[in-house]
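# Structural overview
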Amino acid sequence: MKAKTPLWIGSAVSALAVLPVVAADHDVSVTIYANDTALIQDHRSINVTGGRQRLEFQNVSAQIRPETVSLAAEGITIVEQNFDFDLLTPTKMMEKAVGQEVTLVRTSPGTGAETREKALVLATNEGVVLKIGERIEVLRDDGLPVRVIFDKVPDNLRAKPTLSVTVNSPKGGTRPATLSYLTPGLGWKADYVALYNEADSKLDVQGWVTLTNSSGTTYDDAKTMLVAASPGAPADTNTWTPRPRPRSTLVQPGTETGSRERVGDFYLYPIAERTTIANLQTKQVSFLDVHGVPAEHAYEFRNPWLGTSEKPQSAQSVYRFTTSARAGLGDQLPAGTLRFYMHDKRGEPQFIGESQIDHTPMGSLLSLSTGDAFDVKVQPTVVKRTALGDFNWRTEMRYSLTNALPKPVAVSLLQDGLWGDSTITAESQKSKRRSADVAEWTVQIPANGKAEVTATITTRF
Amino acid sequence: MRPSFRPLLVMLGSLPLAAAAMDVIVPREGDLSVTVYRAPDRPDGPISLNNLGGFALVTETRTVNVPQGDSRIRFEGVADGIEAESALITGLPGAVIEKNRDNAVLTPAALFKATLGKSVMIARTNPKTGKVKRVPAKIRSDGGDSVLVETSEGIEALHCSGLPEAISFITHPDLSSTPTLSARVRSPAAATAKVTLSYLTRGFDWSANYTATIAADQKSMDLGAWVTLGNSNGTGFPSARTQIVAGRINHATDEVEPLDIGSPAVARCWPIGTTSDFSDQFEEIIVTGQRREAVQFMVAAPAAAAPAAVLVKLEQLGDLKLYRVPERTTLKSRQIKQVRLLDRHNIPIELFYGADLPANANVAPQAATKTLRTRNDTAHHLGLPLPSGQVASFITSNDTTVLLDEVPLHDTAVDEEIELPVGTSPDVQIKAVKEKTNVYTRPPFMAGVVRFKSSLVDDVNRIEIQNATPAEIQVELRLQLPEGTQVIAADAATSSRGGRPLFKLPVPANRTATVRYQTEHISLRPAVHK
C-alpha cells in the first residue's frame, strides 16, 4: 500500500491519544425528578496516561445536555468537553476518503469473476469521481456491481453520539471518576388505584411510582432515586388564563409530616433494589398499599355566572377522603393520577373515572371528581334579568335538580362568579357563601325525584 | 441510474433464545373481559374506526408457573394501546419487585440497533453463477439510515455495490414480537399461580345508534338502537366477556407513549451520480416491510343487523350505566361490531314546528324545523337510560320508509324530556319583522366623572307563520333576547323555557298566523360633550 495523507490527522484533538473509557466496572446512579429531568451519576474507573489526552464516554444518554456535564477524578484537569454528533454513514465515509485510496471489487456480469483494483477518490459531489491509474471514472456509472472497500473508519466518526473530554493529567494510572450530567427523557409520576366499596363507603388505595425512559439509552443495574420535585420548571403563576381554572382537588391542605425520607423540602422515593431502566420502558414500583380508608361520595354542580341551559346537565360525581394518619391514607401523595374502580354486580372491578392530584401533604382533605353522574342532573335557568336602575341589576335564578337513582342524594350546588358585592336577596333555601365569589346550596333530592332552588341575586352588572 | 427500492433480506437464521434462565413467558389464554368506554370529550355522534378516542379496561386471567427465587414473568400479547401505568397484576406469589412495559418491539431497524458492534454474516450472491458467499462481519453503524459493515477486507457500505447482499443475524436481541408487560417477582418457593392482569388500553370507542321510526299517523314511533363498538388495536380479544359503560368519565389518554414500531431501516449510500443528466441523489433501499402505513386501516362496514337480536343487559355501576353483552363475543383487531341496545314500540310522540328567532331583528322567511317530543318514562313505553349517540329518524307511510334527519342525542336519564329535530319543513315558513322602535328619554345618570344618557327603548315586532300543509299544525317560537330585555306584551300564549320566552300557537291548514310582541330595555350611553 502506498503512503497516504489522511486528512483527518489535521485536527489537533484527533492527534491526541484517544482512550475509550470502558464500561466494565461502572456504577450508575439515576435521580429522576417529576418534570422529565434526571441527574445521571456514572462512577467508573478510568485509566489515564500522563499528559494531555482525550477520554471518550459511550452509553451516555442520547439526549444528554452537554452543558451540564462534569467529570470529577483525582489529579486531572479538564481542557475541553465535546459531544460529537458526526455519525458514521456511507456518505460521510466517502467524503472523508477524498484524496485517499480505496479498493474496488468488480464482479463481471458475464462470467461472475471478481477483479480488484485500487482507486483514488477525487470528489463526492453529486456522485463519486475516482482516479484509477490514469483513468478518471464515475463510480458505478454503468450500473454494474462495484464494491468499495475502505481501510478504516476515520477517528472522529461515531456510530452513536459520543461524549469526549480532553483532560490533562500530571501522572498516569487508574483512578475512580464520576461523570455526572442532566438529561431529559427520564421522568416519573405516581399512579394510584383506588377501589371504592359502595356498601361501606371505603377505599382501598394502592400507589405505584411509574418511571418512563425515552432518553434513547438503557441504564443497566442503576441505583435509582425518585424526587417529588420539579426543579427548574417555569413557575406558571405569571401566565394568566382567562379560561376557568380546573376544579381544585385539594380542599384543605394538611399539616402532618410523613415518615418518608426527605431532602430539603422534597420527599424521596428510593427504589429498594438496583434496576435496569431499559430504553422505551415504563417501570412501576409499589410504594403505598392502604385498605379501608373512609370516603364520602357526593355530587357537585358548579354554575358559572348567568349560566343557563335548555337541557339538564349532569352533576359531577365526587369522592372525598383525607390523607391524614388517623382517618385516612396516612401518607403524603406525590403528584399523579388516581384511578377509581368499583365492583360490578359480578364482583369484577370496573374503571369509573380518574382525577389528577398534585403533590399533597399528609393530613389533607381531597375532593376528586371522576366524571359526570348519568342520573343526577341540574338545569340552571336565568329566569329574569331586570335593570332596577343604572348599574343595579336583579337576576332571578332557578335550578331544577333531578335524580333518577332509586336512592336519595345530596347535591352541592355552587353558583360561581358572584363577585364580592352581589347579594342574594331571596332564596328558597339557605345558602352558604363559600367565598365572596361562590354561594353553595346543599340540595337533598328524594329517590327518583326532583328538587328546585330559586334565588334572586342583586348585582351591579 | 433509476431509483431502485429493493427489500433488504433480513434472515433470522436459527435463533438461540437469549432469554435469561429465570424468564417465564406467559402466553395469552384463559378468561378475557373487555369493558369499553366512550371518548370522554367526543361530541355526541357516530364513531370512525380511523380515530377511536375512547378506551377499554381489559381483564384477563393467565396461569403462571413461578420458579423459586427471582424471576421475570413476561405477559405477551397485551393490547398495543396499553396504558402501562394503569396495569394491575394480582395473584402472583411472593413479592412483585417491579412491573415493566417494553415499548421496543422486534423490527428490522431495532434488530440493526441491537446488533451494533456485534458479529453478523454477510451473504453475497454472485449474479452470474448464483453462488452464495458468506463472510463474517461486524455492524459498524446502526441502521438508523445507513448500514456500514466491517469485514476482514475493510469497511464497506451495505447495498451500495449493486450486488445482492443480505445480513444474517446471529444473536437474538432481547426484543419481543408483541407488546409485553413483565413483572420481576421474588417467590419463596416454586408455585403455579392464577394471575389476573388488568389494564386500560386506547384504541376503543363506542356509540349508540338509534333509529326512530315515526308511524304514518305521526302519533307514535318505534325506537331501536345498536351499540356500535370499535377496536382499532392490532390485538384481537377472542371469546371475551364484553361490557359497555355509558356516561362521561374523566380519563386523560394523551400521556401514553406510542409503541415504537421503529422507522423503516434504510440503507442509504453515498451520492451516486452518473455522467448522464439523469441523476439520483441517493439510492435508498427499504429494509423493512413493516412500515408506518401498515398501522392504518380501512373502515370496516358495520355488521349487518341480526334478525332477532339479543339485547344487552343493563346494570348500575356507581354513577354510570354498565351494559353487558349477554354472550361471549370475539372483538377482532380493527373491527367494528354492533350489539342490540334496545327495542321499544308505540312510543307516544308529539310533533311541532318551531323556529329559534333573535328578538328585535328582521328575519327572512325560513323553513320551520319539525321536532319530535316525548318523555323518557314508562307512560311513553320508555323509562330506561338512553346513552348518547346518533339518532336517525325515519317516517313510514304506505310501505315506504324515508330518512328524515340524523341528529345527536345526549346522555338521557329516566324521566327526562326528549326533543329530536326531524328535519326542516319547506311548507311551513316563518319570518320576523321589526315594526317600530320607541325611545323615551330618562333623567341622565352620573357614574364617577362620566355622564350617561339614559333612555327606555321599546320595540314592536311581528312574526308571520305560513302553513302550506293540508293540516292544522302546532308552532313553537323561541326568542333569543338580548341581555336585560323583557317581553312586555304579546298576542299569543307566552310561556318560558330555559329562561327564554316561548310562543305556542296552532296554525290552521293553508293559513297564515301572526304573532305580535313588544320588548323593552334601558339604554345607557356616555353623553358626548360638545
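Since we're looking at a predicted model, the values are computed, not measured.

On to the sheet that holds strand β31 (residues 493-497) of chain B, then. All names here are of chain B. The 9 strands lie next to each other as β30-β33-β28-β27-β24-β23-β29-β32-β31, forming an open sheet whose pairing is mixed. The open sheet has two edge strands, β30 (486-490) and β31, and neither has a second partner. Put simply, the sheet's adjacent strands are angled 35 degrees from each other on average, direction ignored. Examined bridge by bridge, strand β23 (residues 350-358) and strand β29 (residues 473-480) share 6 bridges and lie parallel to one another. Among the inter-strand pairings, A355 is bridged to a residue of β29, identified as L477.

Taken together, the contact between chain B and chain A spans 102 residues of the former and 98 residues of the latter. When residues of chain B are sorted by the area they lose upon contact with chain A, E85(B), W270(B) and D319(B) head the list and together hold 9% of the total. Our count for the contact surface shared by chain B and chain A stands at 15 salt bridges. For the salt bridge of R147(A) with E153(B), the shortest nitrogen-to-oxygen distance reads 2.8 Å. Seen at the junction of chain B and chain A, the total is 39 residue pairs in polar contact (both at pLDDT 80 or more). Of the residues forming the side of chain B that touches chain A, the biggest block, 6 residues, is contributed by strand β7 (residues 95-102) of chain B. Tallied by class, the residues present in the side of chain B that touches chain A amount to 38 nonpolar, 30 polar and 34 charged.

The subject of this paragraph is the confidence of the model for chain A. Residues and elements named next belong to chain A. When the pLDDT values of chain A are averaged, the result is 84; 91% of them are 70 or greater. Across chain A, strand β31 (residues 439-445) holds the top mean pLDDT of 95, while helix α1 (residues 12-15) sits lowest at 38. When the criterion is pLDDT under 50, residues 1-16 qualifies, and its contacts beyond four places in sequence or with other chains add up to 19 contacts.

Residues and elements named next belong to chain A. For L388, the location among the structural elements is in strand β26 (residues 365-389). Taking C-alpha positions, L388 is 9.3 Å from T458, a pair spaced 70 residues apart along the chain. Ignoring any residue separated from it by four or fewer positions in sequence, one finds L388 in contact with W393 and R394.

This part covers the sheet that holds strand β9 (residues 129-132) of chain A. Residue and element names in this part refer to chain A. As summarised here, the arrangement of the 5 strands in space is β10-β9-β8-β7-β11, forming an open sheet in which the pairing is antiparallel. The outermost strands of the open sheet, each flanked by one partner alone, are β10 (135-138) and β11 (146-149). Averaged over all pairs of adjacent strands, the angle between strand axes in this sheet comes to 40 degrees, irrespective of strand direction. Examined bridge by bridge, β9 and β10 share 4 bridges and lie antiparallel to one another. Bridge pairing in β10 links V129 to V138.

Rules of the game
Residues numbered from 1 in each chain as written. Chains lettered and ligands numbered in written order. Predicted model: local features only at pLDDT ≥ 70, side-chain atom pairs only at ≥ 80, totals over all residues. Heavy atoms only, no water. Pairing = 2+ DSSP bridges. Helix = DSSP H or I, 4+ residues; strand = E, 2+ residues; numbered from the N terminus. Axes fitted to C-alpha atoms, helices over the stretch in contact; angles between N-to-C directions. Contact = heavy atoms within 4.5 Å. Buried area = accessible area lost by both parts, 1.4 Å probe. Salt bridge = Lys/Arg side-chain N within 4 Å of Asp/Glu carboxyl O. Polar contact = N/O pair within 3.5 Å; in protein donor to acceptor, adjacent residues only side chain to side chain. Nonpolar A, V, L, I, M, F, W, Y, C, P; charged D, E, K, R; others polar. pLDDT = per-residue confidence, 0-100.

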